[in-house]
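Here is what each chain is made of, one letter per residue.
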Amino acid sequence: TKATYDNIKAKDDQIEAFLTLNEENALAEAAALDEKGIAADQLVAGIPLGVKDNIVTKDIRTTAASKILDNFKPIYDATVIEKLKAQNFINAGKLNLDEFAMGGSTENSAYQVTHNAWDLTRVPGGSSGGSAASVAAGEVLAALGTDTGGSIRLPASYNGVVGMKPTYGRVSRWGIIAFGSSLDQVGWLTTSVKDNALLTSLISGHDDHDLTSSTRDVPDFGAQLNDDTNVNGLRIAVPKEYLGEGVDEKVKEVIKAALKHYESLGAIVDEVSLPHTQYGVAAYYIISSSEASSNLQRFDGIRYGVRATDVQDLEDVYVKSRSEGFGDEVKRRIMLGTFSLSAGFYDAYFNKASQIRALIRQDFENVFKDHDVVMGPAGPTVAYKIGSNIADPKTMYMNDVLTVPVNMAGLPGMSIPAGLADGMPVGLQIIGKPFDEETMYKAAYTFE
Ligand code: GLN
């Protein structure tokens, strides 16, 4: 644990991944573990791991990278944290993100811009940019992220690490600061597929605090990954929309080479179509913003978080606290969401988007009738320069075109390093059937 902090301090001046270091507690916990010893079945005991700062941690400042939560110290732990604590993990600290996980570059943080671990002039992706960059820079072995529309997979792709978003319902959302409740899932960013699989089993499973969490058994995802793991006969579907217009040619080349490699390992690669992909981004931004506008009502300056001073009356408290506390992108989403849900526009926007969501889900169901996994790029480009897209939200949103369908359909999806384009990492996205993380992990493991 000491070495971890020495290392973080040497690197994080440049990477700027951490918002809060949990050093004092961590060193005390590590010392206590030295005394007590650790049980053989405690996989992560004594290992410092990073936590995205929209996951609540008891007595440890949790900001969601927003000014409105600048002073927020939660009084409880998220279920995923409780589960890791039961294994005696060490919480290294809280990692930067786009404010309330809204964004794809971590530039929307109210506190700092995190840098890509491969090239400090580029974005780390987002919204789990702090998590991805800290793992890629070797600050921590693994970090928790969240993924509502790609926030684990895109930064994993940009930083050349492994990032996995589980099936919706696989992991409890209790204690995750809610963005789009029907889309959000927690998952890991790691350097290896096996680490990722082992860690995912630790946080999965039903939780009475989250009624959308599944009661299915949780397999030991890591145990099945060994020298015998293979993809012989695996049926891989490659949607033509994922290698179409808007995807960088050099990214396509890396992905095509990866698919060739799978063929050489005995897999069967077929071109398929997911025809409603083109509507995914529009529908996702309506649904996620609608849910966000409702979820963010709780930040009113009264119950917790930062309260504006110099106010006249109650309404003034609300208006000033929210005006001062939320950043531009969050305000944009709240306005888009409340508009889409308003009586006059509900049918034209929210309802329509929900219909598109059903069609996207059907697209996948059709493909999965005779395929085991879907593959394509995780993002249309490699990491871009800091500042180059921030003034243009529509360009930013289009970067999510290949990741949001997975959340809309509730599927498991991951990004693994597939090669380089222009010296920057390219992520291969692997998408599985609902609750079939096992097949997805097997496919990922054989590629490594
Ligand atoms: N980039 C997407 C957005 O801004 C996804 C974010 C996420 O998955 N949290 O909404």
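Residues numbered from 1 in each chain as written. Predicted model: local features only at pLDDT ≥ 70, side-chain atom pairs only at ≥ 80, totals over all residues.

- In the annotation of an unreviewed UniProt entry, the entry for the chain reads Glutamyl-tRNA(Gln) amidotransferase subunit A, and the organism field reads Paucilactobacillus nenjiangensis.
- Quoted verbatim from the Sequence similarities (unreviewed entry) field of UniProt, the annotation for the chain is "Belongs to the amidase family. GatA subfamily."
- Under the heading Function (unreviewed entry), UniProt records this for the chain: "Allows the formation of correctly charged Gln-tRNA(Gln) through the transamidation of misacylated Glu-tRNA(Gln) in organisms which lack glutaminyl-tRNA synthetase. The reaction takes place in the presence of glutamine and ATP through an activated gamma-phospho-Glu-tRNA(Gln)." (UniProt positions renumbered as here; feature names shortened; annotations may be inferred.)

Focus: the UniProt feature "active site" (unreviewed entry) in the chain
Working step 1: Those residues carrying the UniProt feature "active site" (unreviewed entry) are Lys52, Ser127 and Ser151 in this numbering. These annotated residues cover 100 residues of sequence, and their C-alpha atoms lie no more than 11.0 Å from one another, placing them together at a single site.
Working step 2: Tracing the chain through its elements places Ser127 in the loop between β3 (90-95) and α4 (129-136).
Working step 3: You can call Ser127 buried: it has 34 C-beta atoms within 10 Å.
Working step 4: When residues no more than four places from it in sequence are discounted, the contact partners of Ser127 are Leu97, Asp98, Ala101, Met102, Gly103, Gly104, Thr106 and Ser151.
Working step 5: When you line up the elements, Ser151 lands in the loop between β4 (142-147) and α5 (153-159).
Working step 6: Non-local contacts of Ser151, meaning those with residues more than four positions away in its chain, are made with Ala101, Gly126, Ser127, Ser128, Gly145 and Thr146. (Helix = DSSP H or I, 4+ residues; strand = E, 2+ residues; numbered from the N terminus. Buried ≥ 20, exposed ≤ 12 C-beta atoms within 10 Å, placed from the backbone. Contact = placed C-beta atoms within 7 Å.)

Section: the sheet that holds strand β11 (residues 424-432)
Working step 1: The strand order across the open sheet formed by 11 strands is β1-β3-β2-β4-β6-β5-β10-β11-β9-β7-β8, and the pairing between neighbours is mixed. A single partner strand is all that each edge strand has here, and the edge strands are β1 (18-21) and β8 (268-272). For this sheet, the mean angle separating the axes of adjacent strands, direction not counted, is 30°.
Working step 2: In terms of strand pairing, strand β10 (residues 413-421) meets β11 through 8 bridges, oriented antiparallel. Counterpart to Ser415 in the pairing with β11 is Gln429. (Pairing = 2+ DSSP bridges. Axes fitted to C-alpha atoms, helices over the stretch in contact; angles between N-to-C directions.)

A word on the site of the ligand
Working step 1: Of all residues adjacent to the ligand, which total 13 residues, the nearest are Ala101, Gly104, Thr148, Gly149 and Ser151.
Working step 2: Of the residues contributing to the shell around the ligand, the split by class is 3 nonpolar, 8 polar and 2 charged. (Near = placed C-beta within 6 Å. Nonpolar A, V, L, I, M, F, W, Y, C, P; charged D, E, K, R; others polar.)

Some thoughts on helix α7 (residues 249-264)
Working step 1: End to end, α7 covers 23 Å across 16 residues, agreeing with the expected 22 Å (1.5 Å per residue, within 8%).
Working step 2: Those residues of α7 lying buried are Val251, Val254, Ile255, Ala258 and Tyr262. One side of α7 holds all its buried residues, which, seen down the axis, span an arc of 95°. In α7, the exposed positions angled more than 90 degrees off the buried face are occupied by Glu249, Lys260, Glu263 and Ser264.
Working step 3: Buried-residue contacts for α7 involve β7 (235-239), β8, β9 (373-377), β10, β11 and α14 (437-447).
Working step 4: Positioned one or two residues after α7, Gly266 has a phi angle of 105°, which is positive. (Expected span 1.5 Å × (residues − 1). Arc of directions from axis to C-beta.)

What about the environment of Glu249?
Working step 1: Mapped onto the secondary structure, Glu249 falls in helix α7.
Working step 2: For Glu249, a count of 7 C-beta atoms within 10 Å corresponds to the exposed category.
Working step 3: When the C-alpha atoms of Glu249 and Tyr5 are compared, they prove to be 40 Å apart, with 244 residues separating the residues in sequence.

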